[in-house]
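# Breakdown of the fold
This is what each chain is made of:
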Amino acid sequence: MGAAELDSESAETTRPARGLAIASLAIGAAGLTLAVATWAAWLIVRPQVVSAWAHSWVAQAFVLVLGALWFALLPISVLALVFGLCAGARTRPGQGRIGATLAVVTVLLALSGAAVFATTSWRHVGPPVGYFDTGTVPPR
């Protein structure tokens, strides 16, 4: 009777840990992919934002979306890290540890992206009303 109870208890405790490990791995991989894609888009678009006078509102909206993605990645990666730690990432190797590692890398990419977004100079980028130049001379 004691062996049957022990087997049922170990089966019940392993199933949630395995599910959390898989969730951590999936969320960590998706977050890392989104963080790398956001960085790639930032590096492709950001240098041209200053020279995009004709479409400055489109460029500004795109840059704001990229900044929002970096800030949105922070809670996503924390969730993957918590799932990985609850799955036993500290005690045993496996999917939980891989998911927690991916979550840590995602946190670092998201924090660096959020810092770059928050500290970037916005002096040449603005709404089209503020930087619209028709080329006409003002009346004297």
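Rules and cut-offs
Residues numbered from 1 in each chain as written. Predicted model: local features only at pLDDT ≥ 70, side-chain atom pairs only at ≥ 80, totals over all residues. Heavy atoms only, no water. Helix = DSSP H or I, 4+ residues; strand = E, 2+ residues; numbered from the N terminus. Buried < 20%, exposed > 50% of the residue type's maximum accessible area, 1.4 Å probe, protein only. Contact = heavy atoms within 4.5 Å. Areas by Shrake-Rupley, 256 points an atom, 1.4 Å probe, with all protein chains shown as cover. Core = buried A, V, L, I, M, F, W, Y, C linked by side-chain atoms within 4.5 Å. Phe/Tyr/Trp six-rings, centres within 6.5 Å; stacked < 30°, edge-to-face > 60°. pLDDT = per-residue confidence, 0-100. Expected span 1.5 Å × (residues − 1). Polar contact = N/O pair within 3.5 Å; in protein donor to acceptor, adjacent residues only side chain to side chain.

## Some remarks on the overall build of the chain
Regarding its fold elements, the chain presents four helices and zero strands. The order of helices and strands in the chain, counted from the N terminus, is α-α-α-α. The 140 residues of the chain split such that 29% are buried. Within the chain, residue pairs in contact and separated by at least 24 positions form 81% of the contacts whose partners lie at least 6 positions apart. Carbon together with sulfur atoms contributes 72% to the accessible area of the chain, which is approximately 8900 Å² in total.

## Details of the nonpolar core
Grouped together as the largest cluster of nonpolar side chains are twelve residues: Ala35, Trp39, Ala41, Trp42, Val63, Leu66, Trp70, Leu73, Leu74, Ala110, Ala114 and Phe117. Among the elements of the structure, helix H1 (2-49), helix H2 (56-86) and helix H3 (95-119) are those that each provide at least two residues to this core. Setting aside its immediate chain neighbours within four residues, Leu73 contacts Gly31, Leu34, Ala35, Thr106 and Ala110.

## With respect to the packing of aromatic side chains
Across all of its chains, the model carries four aromatic pairs by this definition. When the centroid spacing of 5.0 Å and the interplanar angle of 55 degrees are considered together, the rings of Trp39 and Trp70 count as tilted. Note that Trp39 is positioned in helix H1 and Trp70 in helix H2, a separation of 31 residues in sequence. In this pair, the class of Trp39 matches that of Trp70, namely buried. In this structure an aromatic cluster arises from ring pairing among Trp39, Trp42, Trp70, Phe71 and Phe117.

## Re the confidence of the model for the chain
In the predicted model, the chain carries a mean pLDDT of 76, and the fraction of residues at 70 or more is 66%. Scored below 50 in pLDDT, residues 125-132 makes 15 contacts in the model with residues more than four places away or belonging to other chains.

## Description of the environment of Ala30
Mapped onto the elements of the fold, Ala30 is located in helix H1. Look at Ala30 and you get partly exposed, because its relative accessible area is 47%. Through-space distance from the C-alpha of Ala30 to that of Leu73 is 9.9 Å; in sequence the pair is 43 residues apart.

## Structural notes on H3
For H3, with 25 residues, the first-to-last C-alpha span of 36 Å sits near the 36 Å given by 1.5 Å per residue. Within H3 the residues assigned to the buried category are Gly96, Gly99, Ala100, Leu102, Ala103, Thr106, Val107, Ala110, Gly113, Ala114 and Phe117.

## A closer look at the side chain of Ser24
Tracing the backbone through its elements, the reader meets Ser24 in helix H1. In this structure Ser24 comes out as buried when scored by relative accessible area, which is 0%. Apart from the residues within four sequence positions on either side, Ser24 is in contact with Ala80, Phe83, Gly84, Gly96, Gly99 and Ala100.

## Some words on the side chain of Ser77
In this fold, Ser77 is placed in helix H2. The exposure class of Ser77 is buried, given its relative accessible area of 2%. Of note is the side chain of Ser77, whose polar atom sits 2.9 Å from the backbone oxygen of Leu74. Filtering out sequence-adjacent residues up to four positions away, Ser77 remains in contact with Ala103, Thr106 and Val107.

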